[in-house]
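The lines below spell out each chain.
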Amino acid sequence: MSRIDAPGSAPLSPDPTLPEPEAPAPELRVGTTASRRTSVSESSAAPASRNELRPYDGPSVAPSTPRPSSNAEGPAVSARELLAMGGRLRAPSAPVPEDVYASVRSHLTRSLSNPFLTGGDVKATHDALGSVSRDAYRATLDRMDREGLLAAYVSRMDAPSRQAFLEQAASNGVLSRRPGGAEGPLGMPGRPETFVNDPKLPPALRDAVNAHATDAGRATVAAHDAYLERYGDAVARADSLQALRALGPPQALDLRETSLGLSWSDPQRERYESEWKAGLGRPQHSLVQAYETVTARAQVLSGERPAGVFVSAEASGAHQLLHFKSETHVTARGTTGLQTQAGIAAKAGPLGLELMTDAQGKKEAQLQVDLGIASVSRDSEGKVELSLGVGPHARAHAMINPRTAEFGGGVAFETSHKDSQSHAGLKLGYGLRGLTPERAAQAVRGDVPGLFSRPSDLDPGVAWEALPSERRALYERQGWTREEWARDSRR
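As the structure is a computational prediction, the values presented were derived from the model and not from experiment.

1. A look at the sheet that holds strand E7 (residues 336-348)
With respect to topology, 10 strands assemble into a closed barrel ordered E5-E6-E7-E8-E9-E10-E11-E12-E13-E14, the strand pairing being antiparallel. Averaged over all neighbouring strand pairs, the angle between strand axes comes to 20 degrees, with direction disregarded.

Dropping the structure here:
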């Protein structure tokens, strides 16, 4: 019988071809499960005829080509494990030691024999993790996180045990550090050292990293409080404006949430930052208080009384023409001042005159007009006082002094003996001291440098003798001397 061939095609042999050995069908690996596609044909041992239809079963593999082993394809991971790793595959690690993990599970699992997790359980778990090799440490933490043991472990940690755990994780390559800043003069704390809160870490480990950052921030705030206290003590011990200027201005603590190093895309950033800020605590001292202390000390060293609230007490006595009095001031900052004066007092009708001299030889005169129930006095220092009688032995008084920017009031108790012409009195008062007119004018002038500012005349190298007399007097009131000026002009 003749055969019909397609035009242009090669003639087909009527003899059947020999069957070729069937290669294994390729596998489809999903997670750890391998599946094989089932052939629609009969057993591979049966020869295939040339007219037989077979569904497509993937590209055929030559018999001589070796099939790669499952180990070469990499480790199979489940969807849960891939989600826990943030969608990133890690290099293969050593297997978790089962004996160690059983010990960890026994200490972190609540049971009738162990209903509560204690510090002993935390210590035993830390010791058990310390015996795990570096290659298997991360795999052990991942397994603990999947089974909820890591969250239970972290929740029972105090600050020292948390520090020890994170140090252990860093030594095994799981965590990296964010270096801190250097300590400054007088123990000014630098930025605290923390650990990097990587989003690829297990959630419980990230919580431990943020809790440690909160502990470190709280300790830094306390250390800055101690620094401000030491700074205030150093300011109180300064015996000159030069020594006060050598201390430098008080340093502020630059501790912001950006020091955590969390990226804006981190879904846990807002939660971690809010927990960190809430856990820092409130400082006991402020930078404003430190500057107030410096300003008050500078005024004292320049011969002025510091501004602020004060209370005063004055005891006085007189016998005939002799008169003496002693007055003490106590400010709200705790500083005190004592002044003792002695002199003579004379009175003619409603007019009275006092001439007093203090221990330093400074003289002071006071003129008084006594109108019975009311009296007015003014002294050579500019203080004007009005007093009103309240009964035979008590008086109320109000005081103002434009020169020293003081005003206040109080009460006075007096007793006298007409026969011996003796007099004794006790005056109690309170007041508020502000800036003197000279200080207020200097505060608004732009060409007057502050205590810690470098004078602009130093930059061009103007010599001390070349300064105008008014300018040189201003610098002298700020404690500058010819020697210090010459030394700083060479910088």
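This is not the end of the story, as more comes after the structure.
2. A short note on the packing of helix H6 (residues 159-171) against helix H7 (residues 203-237)
If you want to describe how two helices pack, look at the angle between their axes and the distance between the axes. At a closest axis distance of 10 Å, the pairing of H6 and H7 adopts a crossing angle of 120 degrees. Looking at the two axes, H6 sits oblique to H7. For the element pair H6 and H7, the recorded crossing hand is left-handed. Facing Ala159, Arg162, Gln163, Phe165 and Leu166 of H6, the residues of H7 in contact are Leu205, Ala208, Val209, Ala211, His212 and Asp215.

3. Examining helix H10 (residues 287-301)
An α-helical segment advances 3.6 residues per turn. Residues three or four places apart therefore align on the same side. The terminal C-alpha atoms of H10 lie 21 Å apart, and with 15 residues this matches the ideal 21 Å at 1.5 Å per residue to within 8%. Turning to H10, its buried residues number three or more, namely Ala290, Val294, Ala296, Ala298 and Gln299. Where H10 is buried, its residues meet H7 and helix H8 (241-247). Where H10 terminates, the next one or two residues include glycine 303, which has phi positive at roughly 90 degrees.

4. Overview of the nonpolar core
With 31 residues, the main nonpolar core has Leu141, Met144, Leu150, Tyr153, Phe165, Leu175 and Leu205 as its most contacted residues. Those elements that provide at least two residues to this core are helix H2 (98-108), helix H3 (119-130), helix H4 (134-146), helix H5 (149-155), H6 and H7. The element best represented in this core is H4, accounting for five residues. Residues within four places of phenylalanine 165 in sequence aside, it is in contact with His126, Leu129, Tyr137, Leu141, Leu150, Tyr153, Met157 and Leu205. Core analysis: the second largest hydrophobic core is formed by 11 residues, Leu228, Leu241, Leu244 and Ala290 among them.

5. Regarding the pairing of strand E11 (residues 384-389)
Bridge count between strand E10 (residues 374-379) and E11: five bridges; the pairing is antiparallel. Bridge pairing in E11 places alanine 374 opposite leucine 388. Between E10 and E11, which pair antiparallel and follow one another directly, the connecting turn spans four residues, one of which, glycine 382, has a positive phi of 95 degrees. Relative to strand E12 (residues 394-401), E11 runs antiparallel, the two being bridged by six bridges. Each residue of the ladder has a partner; that of glutamate 385, found in E12, is methionine 399. The loop that links E11 with its antiparallel partner E12 comprises four residues; one of these, glycine 391, has a positive phi angle of about 85 degrees.

6. What to know about the pairing of E10
Each regular strand carries side chains that alternate between the two faces of the sheet. Where strand E9 (residues 363-370) lies against E10, five bridges are found, and the strand directions are antiparallel. Looking at E10, one finds that leucine 367 is bridged to arginine 378. Following E9, the chain reverses through three residues before pairing antiparallel with E10; glycine 372 in that reversal takes a positive phi of roughly 90 degrees.

7. Some details on the pattern of salt bridges
Under the definition given, this model contains 20 salt bridges. For the salt bridge of arginine 206 with aspartate 266, the shortest nitrogen-to-oxygen distance reads 2.4 Å. One end of the pair, arginine 206, is in helix H7; the other, aspartate 266, is in the loop between H8 and helix H9 (269-278), with 60 residues separating them in the sequence. As far as burial versus exposure is concerned, arginine 206 and aspartate 266 are alike and both buried. Lysine 362 serves as the salt-bridge partner of glutamate 381, at 3.6 Å between the closest nitrogen and oxygen. On the criterion of sequence distance, the pair formed by glutamate 381 in the loop between E10 and E11 and lysine 362 in the loop between strand E8 (351-358) and E9 is long-range, its members being 19 residues apart.

8. With respect to the side chain of asparagine 197
Position of asparagine 197 relative to the elements: it lies in the loop between strand E4 (194-195) and H7. Looking at asparagine 197, the relative accessible area reads 8%, which means it is buried. A polar contact of 2.6 Å, which involves the side chain of asparagine 197, links it to the side chain of arginine 206. Apart from the residues within four sequence positions on either side, asparagine 197 is in contact with Arg206, Val209, Asn210, Leu262, Asp266 and Tyr272.

9. A few points about the packing of aromatic side chains
Per the stated rule, a full pass over the model turns up four aromatic pairs. Ring centres of tyrosine 227 and tyrosine 231 lie 6.2 Å apart, and the angle between their planes is 45 degrees; on these two criteria the pair is classed as tilted. Here tyrosine 227 and its partner tyrosine 231 are both found in helix H7, four residues apart, which amounts to about one turn of the helix. Across the pair, exposure class does not vary: tyrosine 227 and tyrosine 231 are buried alike.

10. Digging into H9
Among the residues of H9, Arg269, Tyr272, Glu273 and Trp276 are the ones counted as buried. Around the axis of H9, the buried residues are gathered within 95 degrees of arc, so they sit on the same side. Turned more than 90 degrees off the buried face of H9, the exposed positions are Glu270 and Ala278. As for H9, its buried residues are in contact with H7.

11. Quick look at the packing of H7 against H9
Here H7 crosses H9 at 30 degrees, and the two axes come no closer than 9 Å. Relative to H9, the element H7 is oriented roughly parallel. In the crossing of H7 with H9, the sense of the turn from one axis to the other is right-handed. Across the interface between the two elements, Pro203, Arg206, Asp207, Asn210, Ala213 and Thr214 of H7 pack against Arg271, Tyr272, Glu275 and Trp276 of H9. Split by residue class, the contact of H7 with H9 holds four nonpolar, two polar and four charged.

12. A closer look at a nonpolar patch on the surface
Residues Leu321, Leu322, Ile344, Leu353, Leu355 and Leu367 make up a contiguous nonpolar surface patch of about 580 Å² in total accessible area. Along the chain, leucine 321 turns up in the loop between strand E5 (308-319) and strand E6 (322-331).

13. Regarding the environment of alanine 219
Counting through the fold element by element, alanine 219 comes out in helix H7. Considering only alpha carbons, one finds alanine 219 and glycine 281, 62 residues apart in sequence, at a separation of 9.5 Å.

Thresholds applied
- Residues numbered from 1 in each chain as written.
- Predicted model: local features only at pLDDT ≥ 70, side-chain atom pairs only at ≥ 80, totals over all residues.
- Heavy atoms only, no water.
- Pairing = 2+ DSSP bridges.
- Helix = DSSP H or I, 4+ residues; strand = E, 2+ residues; numbered from the N terminus.
- Axes fitted to C-alpha atoms, helices over the stretch in contact; angles between N-to-C directions.
- Parallel < 35°, antiparallel > 145°, perpendicular 65-115°, else oblique.
- Left-handed = near helix turned anticlockwise from the far one by under 90°.
- Contact = heavy atoms within 4.5 Å.
- Expected span 1.5 Å × (residues − 1).
- Buried < 20%, exposed > 50% of the residue type's maximum accessible area, 1.4 Å probe, protein only.
- Core = buried A, V, L, I, M, F, W, Y, C linked by side-chain atoms within 4.5 Å.
- Salt bridge = Lys/Arg side-chain N within 4 Å of Asp/Glu carboxyl O.
- Polar contact = N/O pair within 3.5 Å; in protein donor to acceptor, adjacent residues only side chain to side chain.
- Phe/Tyr/Trp six-rings, centres within 6.5 Å; stacked < 30°, edge-to-face > 60°.
- Arc of directions from axis to C-beta.
- Nonpolar A, V, L, I, M, F, W, Y, C, P; charged D, E, K, R; others polar.
- Patch = residues over 30% accessible without salt bridge, like charges linked within 9 Å, V, L, I, M, F, W, Y side chains within 5 Å.
- Areas by Shrake-Rupley, 256 points an atom, 1.4 Å probe, with all protein chains shown as cover.

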